[in-house]
Amino acid sequence: MAKILRRVVVTGCGAVTPLGPDTASLWRGLLSGECGVRARDDGYVAAPAPTPTLPPVQARTMNRSAQFAVTAAREAWADAGFGPRDLHDGILDPARVGVTLGTIMGGIEVLLTADRIVHGRPLAPRTAPMAIPSAASAHIAMDLGARGEARTVVSACASGTEAIGQALDRIRHGHTDIAIAGGTEAIINPTVLGSFAAMRALSATGSRPFDRTRDGFVLGEGAGLLILESRDHALARGARIYCEAAGWGLSADAHHVVAPRPDATGITAALTKALADADAVPSDVAHINAHATATVAGDAAETRALLALFGPDVPVTAPKGAIGHLQGGAGGVEAVITALTLHHGLIPPTVGCTDQDGTLNLVTEKPQPLPANGNIALSNSYGFGGHNAVLALRRHP
């Protein structure tokens, strides 16, 4: 007999982004059309996030990415109605709570700093554990006391979305009751900026998703995390529910280390799988949070896939114009934005697109009410190497 899968809901949101230190500043900034992109002294543009205000003793044990993640996790945990010691003190069963986090480079700045000082000087004893990609998920687990699992997903810019999808499945299949899931990244430094610029993926002026003049992404940083919870568990404790985590989909382009398939078949496959996993069809989709990094080929492929599946009427937004591309953190932050869009019934406008290339129903200039028809919102993430991940969230009554 097939096992009955449990329904999963979103009960908490947390974020640190270029628009501010918490979810409220992110949502407020998106609705008002703010932009977190800034010029740097070295000639690049980037979208930095505010440094978390953790106790110095704790902060010294973490790389910057982990600091973002712990800060966002604390906010999401409290937003879901849990206390900071609920797991440590046995109010909740720590073995039934897991962490799944996406990132790409982890604490790469720790290694870059160490490489500059290694000759003739001893390295800090925490250099290795601070640099590994799994450091952030470990620190969240230690901070909150989650002992079910602490997992890390590394799949380029799809990492955050895939992490949420994996956490969704862990709850569906009964391995955990609650998951802290999302993505984090902090790689704004001259070496990484220079490497992206060398491959002509980086914009020198700003992020312009779906605009005819787009010329690359802007590197951002920060973290976005959701609290996922079995629906029965959430209802039993009277939790506020943002939306249902309805399904997700993965695919691989198997095409090129950087460029997407021009025919968009890989993107289309991930979208189709997410809908099927959510027991939904294209006409159920009320909104799409696009990946839209503002690269020439990437936005064109995504446009082709969205028009082919959904036509020109479904409203689309592209947050990277406001917050830049958070790499492994992008999927987590944009899942937070999508959950808030469903919860508040309001679609944030796209910043940076003034001359649209294509016929998508792109929301610009001001927020737009979420359509009454349809109950699914999709959050899309596509990464170098052809990693495609799509999260399907459903309106909750």
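Scroll up for the structure.
In short, a report on the structure.

What counts, and at which threshold
Residues numbered from 1 in each chain as written. Predicted model: local features only at pLDDT ≥ 70, side-chain atom pairs only at ≥ 80, totals over all residues. Heavy atoms only, no water. Helix = DSSP H or I, 4+ residues; strand = E, 2+ residues; numbered from the N terminus. Expected span 1.5 Å × (residues − 1). Buried < 20%, exposed > 50% of the residue type's maximum accessible area, 1.4 Å probe, protein only. Core = buried A, V, L, I, M, F, W, Y, C linked by side-chain atoms within 4.5 Å. Contact = heavy atoms within 4.5 Å. Phe/Tyr/Trp six-rings, centres within 6.5 Å; stacked < 30°, edge-to-face > 60°. Pairing = 2+ DSSP bridges. Axes fitted to C-alpha atoms, helices over the stretch in contact; angles between N-to-C directions. Parallel < 35°, antiparallel > 145°, perpendicular 65-115°, else oblique. Salt bridge = Lys/Arg side-chain N within 4 Å of Asp/Glu carboxyl O.

### Some remarks on helix 7 (residues 159-172)
Here's step 1: For helix 7, spanning 14 residues, the distance from its first C-alpha to its last is 20 Å, which sits close to the expected 20 Å at 1.5 Å a residue.
Here's step 2: Summarising burial for helix 7: twelve of the 14 residues are buried, a large majority.
Here's step 3: All of the buried residues in helix 7 are Ser-159, Gly-160, Thr-161, Glu-162, Ala-163, Ile-164, Gly-165, Gln-166, Ala-167, Leu-168, Ile-171 and Arg-172.
Here's step 4: After helix 7 finishes, the residue Gly-174 shows a positive phi value of roughly 85 degrees.

### Let's talk about the nonpolar core
A general feature of soluble globular proteins is that nonpolar side chains tend to end up buried together.
Here's step 1: Within the largest apolar cluster, 38 residues are counted, with the highest numbers of intra-cluster contacts made by Cys-13, Leu-26, Leu-226 and Leu-228.
Here's step 2: If we skip the residues at most four places from it in the chain, Leu-26 touches Ala-15, Thr-17, Leu-19, Ile-323, Val-333, Val-336 and Ile-337.
Here's step 3: In this structure, Ala-66, Ala-76, Val-97 and Ala-223 belong to the second largest nonpolar core, which totals 31 residues.

### Section: unusual backbone geometry
Here's step 1: In the Ramachandran plot, Arg-200 falls in the positive-phi region, its phi being about 60 degrees despite a non-glycine side chain.
Here's step 2: Assignment of secondary structure puts Arg-200 in the loop between helix 8 (190-198) and strand 7 (219-220).
Here's step 3: Arg-200 gets classed as exposed once you look at its relative accessible area, which sits at 75%.

### Brief notes about the packing of aromatic side chains
Between two aromatic rings, the relevant description is the distance of the centres plus the angle of the planes.
Here's step 1: Taken as a whole and judged by the stated rule, the model has three aromatic pairs.
Here's step 2: For the ring pair Phe-196 and Phe-217, a centre distance of 5.0 Å and an interplane angle of 80 degrees mean the geometry is edge-to-face. Here Phe-196 is found in helix 8, whereas its partner Phe-217 is found in the loop between helix 8 and strand 7, with 21 residues between them in sequence. Comparing Phe-196 with Phe-217, the two get one shared label, buried.
Here's step 3: An aromatic cluster of three or more residues is present, and its members are Phe-196, Phe-217 and Phe-384.

### Describing the sheet that holds strand 11 (residues 315-317)
Here's step 1: A sheet is described by the order of its strands in space; here eleven strands give the open sequence 5-4-6-8-1-9-16-15-10-11-13, paired in mixed fashion. A single partner strand is all that each edge strand has here, and the edge strands are strand 5 (149-153) and strand 13 (361-362).
Here's step 2: Where strand 15 (residues 376-383) meets strand 16 (residues 387-395), eight bridges bridge the pair, whose relative direction is antiparallel. Its bridge partner being in strand 16, Ser-381 is matched across the sheet by Ala-389.
Here's step 3: Set on the sheet, helix 10 (residues 265-277) makes contact with strand 9 (243-252), strand 10 (285-289), strand 15 and strand 16; between it and strand 9 the angle comes to about 145 degrees.
Here's step 4: Helix-sheet contacts for helix 13 (residues 330-344) involve strand 1 (8-16), strand 6 (178-185), strand 8 (222-230), strand 9, strand 10, strand 15 and strand 16, and the interaxial angle to strand 15 is about 170 degrees.

### Re the sheet that holds strand 2 (residues 38-39)
Each strand in a sheet pairs with its neighbour through backbone hydrogen bonds, running either in the same direction (parallel) or in the opposite one (antiparallel).
Here's step 1: Taken in spatial order, the three strands of this open sheet run 2-3-7, and their pairing is mixed. Every other strand in the sheet has two partners, leaving strand 2 and strand 7 as the edge strands with one partner each.
Here's step 2: Bridge count between strand 2 and strand 3 (residues 45-47): two bridges; the pairing is antiparallel. Residue pairing in the sheet places Ala-39 in a bridge with Val-45 of strand 3.

### Some details on the packing of helix 7 against helix 13
Axes are the key here: two packed helices are described by the angle between their axes and the distance separating the axes.
Here's step 1: Running from N to C, helix 7 and helix 13 point in directions that differ by 65 degrees, and their axes come no closer than 5 Å. By the angle class used here, helix 7 and helix 13 are roughly perpendicular. Here Gly-160, Thr-161 and Ile-164 of helix 7 come into contact with helix 13, specifically with Gly-331, Gly-332 and Ala-335.

### Quick look at the pattern of salt bridges
Here's step 1: If you walk through the whole model with that rule in mind, you get 19 salt bridges.
Here's step 2: Between Arg-7 and Glu-244 there is a salt bridge, and its shortest N-O distance comes to 2.9 Å. With Arg-7 in the segment before strand 1 and Glu-244 in strand 9, this residue pair connects regions lying 237 residues apart in the sequence.
Here's step 3: Note that Arg-212 is salt-bridged to Asp-357, the shortest N-O span being 3.7 Å. Of this pair, Arg-212 sits in the loop between helix 8 and strand 7 while Asp-357 sits in the loop between strand 12 (346-347) and strand 13, and the two are 145 residues apart along the sequence.
Here's step 4: Given a relative accessible area of 32%, Asp-357 falls into the partly exposed group.

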